[in-house]
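Per-entry structural report
One-letter residues, chain by chain:
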Amino acid sequence: MLVGYSSSSEEDGEPGSDAPNRSSRRPAEDDEGNRHLPEKKKARTEELDPKTRLPLPGCLLSMFPDDDHDAQTEDSSLHGGRVRTFKHERGNWATYVYLPYSPEEEFEELLEEVLSVLEAHGLIWTRQEEFHLSVSQTVVLRHHWIQPFIQSLKAGLSPCRRFVCTAATLKVYCNAERTRTFLGMEVSTGHPQLMDLVRVVDKTMTDFGLDTFYKEPSFHVSLAWCVGDLTEKTKEILEELQSLVDNREEGPFLLTLPCAEVRCSTGNKTFRFPLKP
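The rules we used
- Residues numbered from 1 in each chain as written.
- Predicted model: local features only at pLDDT ≥ 70, side-chain atom pairs only at ≥ 80, totals over all residues.
- Heavy atoms only, no water.
- Helix = DSSP H or I, 4+ residues; strand = E, 2+ residues; numbered from the N terminus.
- Buried < 20%, exposed > 50% of the residue type's maximum accessible area, 1.4 Å probe, protein only.
- Contact = heavy atoms within 4.5 Å.
- Areas by Shrake-Rupley, 256 points an atom, 1.4 Å probe, with all protein chains shown as cover.
- Pairing = 2+ DSSP bridges.
- Polar contact = N/O pair within 3.5 Å; in protein donor to acceptor, adjacent residues only side chain to side chain.
- Salt bridge = Lys/Arg side-chain N within 4 Å of Asp/Glu carboxyl O.
- Phe/Tyr/Trp six-rings, centres within 6.5 Å; stacked < 30°, edge-to-face > 60°.
- pLDDT = per-residue confidence, 0-100.

Looking only at helices and strands, the chain features nine helices and ten strands. The buried share of the chain, reckoned over its 277 residues, is 35%. In the chain, the share of contacts with a sequence separation of at least 24, taken over all contacts with a separation of at least 6, comes to 79%. When the accessible surface of the chain is summed, it comes to about 17400 Å², and 51% of that surface belongs to carbon and sulfur atoms.

Okay, here's the thing in structure tokens:
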């Protein structure tokens with residue numbers, strides 16, 4: 001299920017590195033052996049460079065990336081200016097638990113209007129690539145923890161039932177490192193059921209010695225983000241942005257999130273936990 005793990009040393013990534021070196025043979029032995037070869041074969045043998053190695057297949061190269069690849073993963077310019085909240089290390093998997101939100105057409109229209117107003121005020125934001133409501137912090141899992149971690153979540157979430165939560169109020173958030181600011185829509189209904197999910201997830205986090213969720217969480221769906229701490233500048237126009245939510249032609253926009261499935265993202269894997277009807 002899990003692929004692409006790298007070796008703990010560069011030498012392990014070189015096939016045949018423990019084999020005897022053919023160039024260490026004595027020239028006298030080579031000459032003696034060549035005397036008994038036909039002329040064509042002898043010429044072919046002499047043309048071969050004993051140090052020549054066959055190129056590694058692409059699949060092996062991807063399994064044993066070099067240091068340049070690691071350096072690229074830390075280059076914020078390759079990630080829209082985003083900065084990692086923890087150092088990238090091979091075998092560490094960024095992991096978080098969440099409820100997915102599938103945006104509706106009206107939501108998409110509202111988001112475009114919000115981004116336009118932000119840009120008009122000289123604030124360049126980036127819309128989220130996908131939308132969700134978090135019920136955990138982002139933590140680091142070692143790859144050999146993944147299976148027992150997922151099994152623990154599955155057991156804890158098995159009795160939880162589906163519910164619906166709604167959100168309608170814009171709010172500005174900033175991460176603890178003050179490296180990114182988020183504009184989110186805060187949940188107004190469904191808070192007790194969300195807290196039930198958090199307690200289940202927190203228990204698993206505690207069992208694995210990982211950080212639990214915030215003590216007094218502000219559940220929300222993030223709409224967009226920007227690099228740095230622009231909390232105060234964004235709050236100055238928050239009332240104008242909120243008016244876009246409240247003054248729709250068909251009435252105030254209400255984000256409705258059917259909570260039918262909890263998901264856990266760890267590295268490039270996503271695990272799904274359907275809630276009981």
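Next comes the rest of the write-up.
A few words now on the pairing of strand β7 (residues 220-227). Here is the key point about a regular strand: its side chains alternate between the two faces of the sheet. With respect to burial, β7 is a largely interior element, six of its eight residues being buried. Sheet topology note: the strand β2 (residues 126-127)/β7 ladder contains two bridges and is antiparallel. From the neighbouring strand, Arg 127 faces β7, where its bridge partner is Ala 224. The pairing of strand β6 (residues 180-189) with β7 spans seven bridges and is antiparallel. Its bridge partner being in β7, Arg 180 is matched across the sheet by Val 227.

For the rest of this paragraph, the subject is the environment of Trp 145. Here Trp 145 lies in the loop between β4 (139-142) and α6 (146-157). Its relative accessible area of 28% is what places Trp 145 among the partly exposed residues. Residues Trp 145 and Phe 208, 63 residues apart in the sequence, show an inter-C-alpha distance of 8.4 Å. In contact with Trp 145, other than residues within four places in its own chain, are Val 140, Phe 208 and Leu 210. Here the side chain of Trp 145 touches His 144 through a polar contact of 3.4 Å, side chain to side chain.

Attention now moves to the pattern of salt bridges. For side chains of opposite charge, pairing can occur when their charged atoms come near one another. In total, this model carries ten salt bridges according to the counting rule given. Between Asp 207 and Lys 203 there is a salt bridge whose closest N-O contact spans 3.3 Å. Separated by four residues within a single helix, Asp 207 and Lys 203 lie in helix α7 (residues 191-207), roughly one turn from each other. Both residues of the pair, Asp 207 and Lys 203, belong to the exposed class. It is possible to trace a salt-bridge network through shared partners that takes in Glu 106, Glu 113 and Arg 248.

One pass over the structure, following the stated rule, counts eight aromatic pairs. On the numbers, 6.3 Å between centres and 45° between planes, the contact of Phe 107 with Phe 253 is tilted. Of this pair, Phe 107 sits in helix α5 (residues 105-120) while Phe 253 sits in the loop between α9 (238-246) and β8 (255-259), and the two are 146 residues apart along the sequence. Phe 253 matches Phe 107 in its accessibility class, with the two residues each being buried. Relative to Phe 208, the ring of Phe 149 lies with its centre 5.5 Å away and its plane at 70°, an arrangement referred to as edge-to-face.

Here Val 262 is to be found in strand β9 (residues 261-266). Distance in space between the C-alpha atoms of Val 262 and Leu 99 is 5.0 Å, their sequence separation being 163 residues. If we ignore the near neighbours within four places in the chain, the residues touching Val 262 are Val 97, Tyr 98, Leu 99, Leu 157, Leu 197, Phe 271, Arg 272, Phe 273 and Leu 275.

Right, let's get into the confidence of the model for the chain. For any part of a model where pLDDT is low, the fine detail of the predicted coordinates should not be relied upon. Residues with a pLDDT of 70 or more make up 68% of the chain, whose mean pLDDT is 80. Scored below 50 in pLDDT, residues 1-38 makes 32 contacts in the model with residues more than four places away or belonging to other chains. Below pLDDT 50 for its whole length, residues 60-79 participates in 26 contacts with residues either more than four positions away or in separate chains.

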